[in-house]
Structure formats: structure tokens, C-alpha cells
Amino acid sequence: MDRLLDSVGLITNEISNGVVIADAQEEGFPIVMANHRFRTLTGYGDEEVLGRSCAFLQGNVTQKTTVQKISNALRKGERCHVVIHNYKKSGEMFLNELKLIPFKENGTTRFYIGILHDVTAIFVAKALYQRKSLTSMPASVYSLVEKSLEIPKIAGSLNLLSDFGLAVVDEQDVIVFGTEPLAELTGMSCDELVGQPLSAILESTTLPTLTSVPQGLSTGWRPASLVSRESSRHPVMASTTRAPNAANSTLGVVLMRLPSRN
């Protein structure tokens, strides 16, 4: 079985999502393997993860109903798919789309495989669209994103949405809409942002262009620099979600976690 786990570990290290394997034969379902993406996502090293239950990622705002749903599935040896508030080692909260899959042998659940996907950017984008402050967004853009980001309205529980800037870009990565917090840091108005190439305000060597992002998927957070009109640079974390529309063209949602302006 150790050789099997080693083989699975090599495979999962090539997967972009976080993956853990837990021992279903031990009380508390202790983790016996965590891939590289899990460690980078949560900030925990192997020595801090192995032997512990995944419950250590829970915190103050983790929903009890979601935890109960997970517990029920584990007890019954069933699959489970939830979105749960989890916490990184740094204390930062993230929204985790969690899939739990039992691995059975002769009818007995031996292990559970957990697949983690950070969907914070998508949820925050949805919440921003729902805010009255975005009534200036063109109706066609709003309608597209509203339909493309069909996710639960759990995002309302996130705080400090003003710490996020949002731009909608077309297939050429040209901005067609930008929020006020984003415009403020660039030294432009929202109207001036429209028509600017995204590269004029956002520099990143790791954030892919919109057309290279699979439709309906998010890149996850990537380091970048927000460039102002005066050419000053602010470090940000950015994420791109590509949303297909009915006209077979594409718009993208670029979400940026902005630096503190205090």
C-alpha cells in the first residue's frame, strides 16, 4: 500500500488542484499524503499536515451545516461535493470547492481522496457584480457574467470587497469595464480604463492571456503588478476567469486583490 501511495503521490504532484489522501481506517481520517499544490495552496508543509485531519483547515466562519454534510458522507463512505470556508496557514480565508471520493477495497472504504480548488476569485467576482455600486456596468456585460458565473450566493459572507479591483476584458485583452477601486489605484477614471489594453495597467509573467484560459475556468491567484498612470507599481494578486457568451465571442473577468490604501 505504501508503494501505491508513493505512485499516487507522483501523479497528483502533476495536478493543478490540491489533493490529499486520508486513511479511512483510522479515527479522524488522518492525512497520509498531500501533493505539492495542496502545500502551496494552504501554506503548510508535509510535517504540519501528515497525520492530521483536514478539519485543521476550518475556522471561525466555516459553516457547521457544510461540516456536517462532510461528516455524514465520511461516515457512510459516500462521495461529497461542497464549497467550504477554509483557512491557510497565514490566517487568510479562502473558499474551497472540495470533492471527497472514497477508495474502496472489497466493499470497505480504505482511503478518501480529497480534491481542493480555490474558487475565492470566482465568488468575489460574483459578489461584486451583485453590488449596487456596479449599476454602471453595461447591461450586456452584466448579463454575460451573471449567466457565466452560476455559483451559490455564499460570496455575500466575504468582507472587504473594496479590497478587490475588477476588470472585464474582451478577446484582445482590452478593458470594457473597470471598477472604481481599480481606477483609483491606476489614477484613471472608470471611463478612461475602458479601451485600455490590460497590459497597460497589469504586468505579470505568470498570468496567461484570456484566450489561453479554458472557458468557464479560473487561473487561480497569480502575482502581478498594477501600473498607475504615473508608472508607479503596486503588487497585487490577480486571477482571470474566461466566460463564454451567446455570440461565440469571449469576455474575461480579471479580479485583483488590491494593496491596502490606508
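These lines cover the structure that appears in this document, whether it is placed above or below.

Definitions and limits used
- Residues numbered from 1 in each chain as written.
- Predicted model: local features only at pLDDT ≥ 70, side-chain atom pairs only at ≥ 80, totals over all residues.
- Heavy atoms only, no water.
- Salt bridge = Lys/Arg side-chain N within 4 Å of Asp/Glu carboxyl O.
- Helix = DSSP H or I, 4+ residues; strand = E, 2+ residues; numbered from the N terminus.
- Buried < 20%, exposed > 50% of the residue type's maximum accessible area, 1.4 Å probe, protein only.
- Phe/Tyr/Trp six-rings, centres within 6.5 Å; stacked < 30°, edge-to-face > 60°.
- Lys NZ or Arg CZ within 6 Å of the ring centre and 35° of its normal.
- Pairing = 2+ DSSP bridges.
- Axes fitted to C-alpha atoms, helices over the stretch in contact; angles between N-to-C directions.
- Contact = heavy atoms within 4.5 Å.
- 1 Å grid on protein atoms, 1.4 Å probe; cavity = no way out; pocket = protein on both sides within 12 Å on 5 of 7 lines; lining within 4 Å.
- Points joined across faces, edges and corners; volume = space filled by probe spheres on them.
- Nonpolar A, V, L, I, M, F, W, Y, C, P; charged D, E, K, R; others polar.

### A closer look at the pattern of salt bridges
Evaluation of the coordinates by the stated rule reveals five salt bridges. In this structure, the salt-bridge partner of Glu 48 is Lys 89, at a minimum N-O distance of 2.7 Å. Taken together, the positions of Glu 48 in helix α3 (residues 46–49) and Lys 89 in the loop between β3 (80–87) and β4 (93–105) put the pair 41 residues apart, joining distant regions of the chain. Judged by relative accessible area, which is 22%, Glu 48 ranks as partly exposed. With a shortest N-O distance of 2.5 Å, Arg 110 and Glu 105 are connected by a salt bridge. Owing to a relative accessible area of 24%, Arg 110 belongs among the partly exposed residues under this scheme. Residue Glu 105 is classed as partly exposed on the basis of its relative accessible area, which comes to 33%.

### Some remarks on the packing of aromatic side chains
Taken as a whole and assessed by the stated rule, the structure comprises three aromatic pairs. Aromatic side chains Phe 29 and Tyr 112 sit 5.9 Å apart centroid to centroid with 75° between the ring planes, which places their arrangement in the edge-to-face category. Placement of Phe 29 in the loop between β1 (18–23) and β2 (31–34) and of Tyr 112 in strand β5 (residues 108–118) is noted, with a sequence separation of 83 residues between them. Note on Tyr 112: relative accessible area 2%, which makes it buried. Considering the side-chain rings of Phe 103 and Phe 111, the 6.4 Å spacing of their centres and the 50° angle between planes classify their relative orientation as tilted. Relative accessible area serves as the criterion here: at 34%, Phe 103 is assigned to the partly exposed category. The exposure class of Phe 111 is buried, given its relative accessible area of 7%. Here the guanidinium or amino end of Arg 52 rests over the ring plane of Phe 56, the centre of that ring lying 4.2 Å away.

### Quick look at the sheet that holds β3
Overall, antiparallel pairing links the five strands, which are arranged β2-β1-β5-β4-β3 in an open sheet. The open sheet has two edge strands with one neighbour each: β2 and β3. Neighbour-to-neighbour, the strand axes of this sheet turn through a mean angle of 25°, independent of strand direction. Bridge count between β1 and β5: six bridges; the pairing is antiparallel. Of the residues in β5, the one forming a bridge with Val 20 is Gly 114. Set on the sheet, helix α4 (residues 64–76) makes contact with β3, β4 and β5; between it and β3 the angle comes to about 130°.

### A word on the pairing of strand β7 (residues 175–178)
Relative to β7, strand β6 (residues 164–169) is paired through three bridges, and the arrangement is antiparallel. Bridging across to β7, Ala 167 finds its partner in Gly 178. Hairpin remark: β6 followed by β7, antiparallel, with five residues in the connecting loop; positive phi at Asp 173, about 60°.

### Here we look at the environment of Leu 74
Among the secondary structure elements, Leu 74 is positioned in helix α4. Distance from Leu 74 to Ile 101, taken between C-alpha atoms, is 9.4 Å for residues 27 residues apart in sequence. Those residues in contact with Leu 74 that sit more than four places away from it in its chain are Phe 29, Leu 100 and Tyr 112.

### As for the layout of surface pockets
Here the largest pocket is characterised by a volume of approximately 380 Å³. Together, 23 residues line the largest pocket, and Ser 53, Cys 54, Ala 55, Ile 70 and Leu 74 are the ones closest to its centre. Taken together, the elements giving at least two residues each to the lining of the largest pocket come down to β1, α4, β3, β4 and β5. Of the residues belonging to the lining of the largest pocket, the class tally is 16 nonpolar, seven polar and no charged.

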